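# Breakdown of the fold
What follows is each chain in one-letter form.
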Amino acid sequence: MENDQTDQRYMAEALRQAMDALEADEVPVGAVIVRDGRIIARAHNQRELLHDPTAHAEMIAITQAAEYVGNWRFERCTMYVTLEPCAMCAGAVVLARIPRLVYGATDPKAGAVGSLYDIPRDERLNHRVEVRAGVLADECGRVLTEFFRRKREPTGPGGN
């Protein structure tokens, strides 16, 4: 029960990051990394702002956490992310040796933590990650659904 409450609390922090992305007109994905009960990194997607296809919330959070930890190995850390990571981000989680990953909504089109691939638990790799899926999934999914609904709406008279 404690783990469930803790996971929900930190996922709520990742959701706050997703809301920051939404306000910035970025795909609303947020991530936090926690070590020993303390948030050491907070990030949201910034691909549009940075003109960088790798500026996913997870990648930015990993960079921040590496600076905090002073190492590329993230022992005693958990990453919380509002959307199932893509192949790039799932690979980065493995390479950073993050022991635990918690995500909210699944991504059937690009998810690499069980949907299309399962990179963090692939037995052929030298590091495997404990995964918990579906934490605050409805809330995480709602933010994404709202973003893409707005993108499909006509912008004014004539539907431009």
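Check the entry above for the structure.
A brief structural summary. (Residues numbered from 1 in each chain as written. Predicted model: local features only at pLDDT ≥ 70, side-chain atom pairs only at ≥ 80, totals over all residues. Heavy atoms only, no water.)

## Re the sheet that holds strand E3 (residues 77-83)
The strand order E2-E1-E3-E4-E5 describes an open sheet built from five strands, whose pairing is mixed. Looking at which strands have only one partner, the edges of the open sheet turn out to be strand E2 (38-44) and strand E5 (130-133). Averaged over all adjacent pairs, the angle separating strand axes in this sheet is 15 degrees, with direction ignored. As defined by bridge partners, strand E1 (residues 30-35) adjoins E3 across five bridges and the pair is classed as antiparallel. Counted as the bridge partner of arginine 35 is cysteine 77 from E3. Its contacts with the sheet put helix H3 (residues 57-69) on E1, E2 and E3, and the angle it makes with E2 is roughly 145 degrees. (Pairing = 2+ DSSP bridges. Helix = DSSP H or I, 4+ residues; strand = E, 2+ residues; numbered from the N terminus. Axes fitted to C-alpha atoms, helices over the stretch in contact; angles between N-to-C directions. Contact = heavy atoms within 4.5 Å.)

## What to know about the nonpolar core
Generally speaking, a soluble globular protein has its nonpolar side chains buried in company with each other. Met11, Ile33, Ile62, Phe74 and Tyr80 are the most contacted members of the largest nonpolar core, which has 47 residues in total. Secondary structure elements with two or more residues in this core: helix H1 (2-23), E1, E2, H3, E3, helix H4 (87-95), strand E4 (100-105) and helix H5 (137-152). Among the elements that line this core, the one with the most residues is H3, at six residues. (Core = buried A, V, L, I, M, F, W, Y, C linked by side-chain atoms within 4.5 Å. Buried < 20%, exposed > 50% of the residue type's maximum accessible area, 1.4 Å probe, protein only.)

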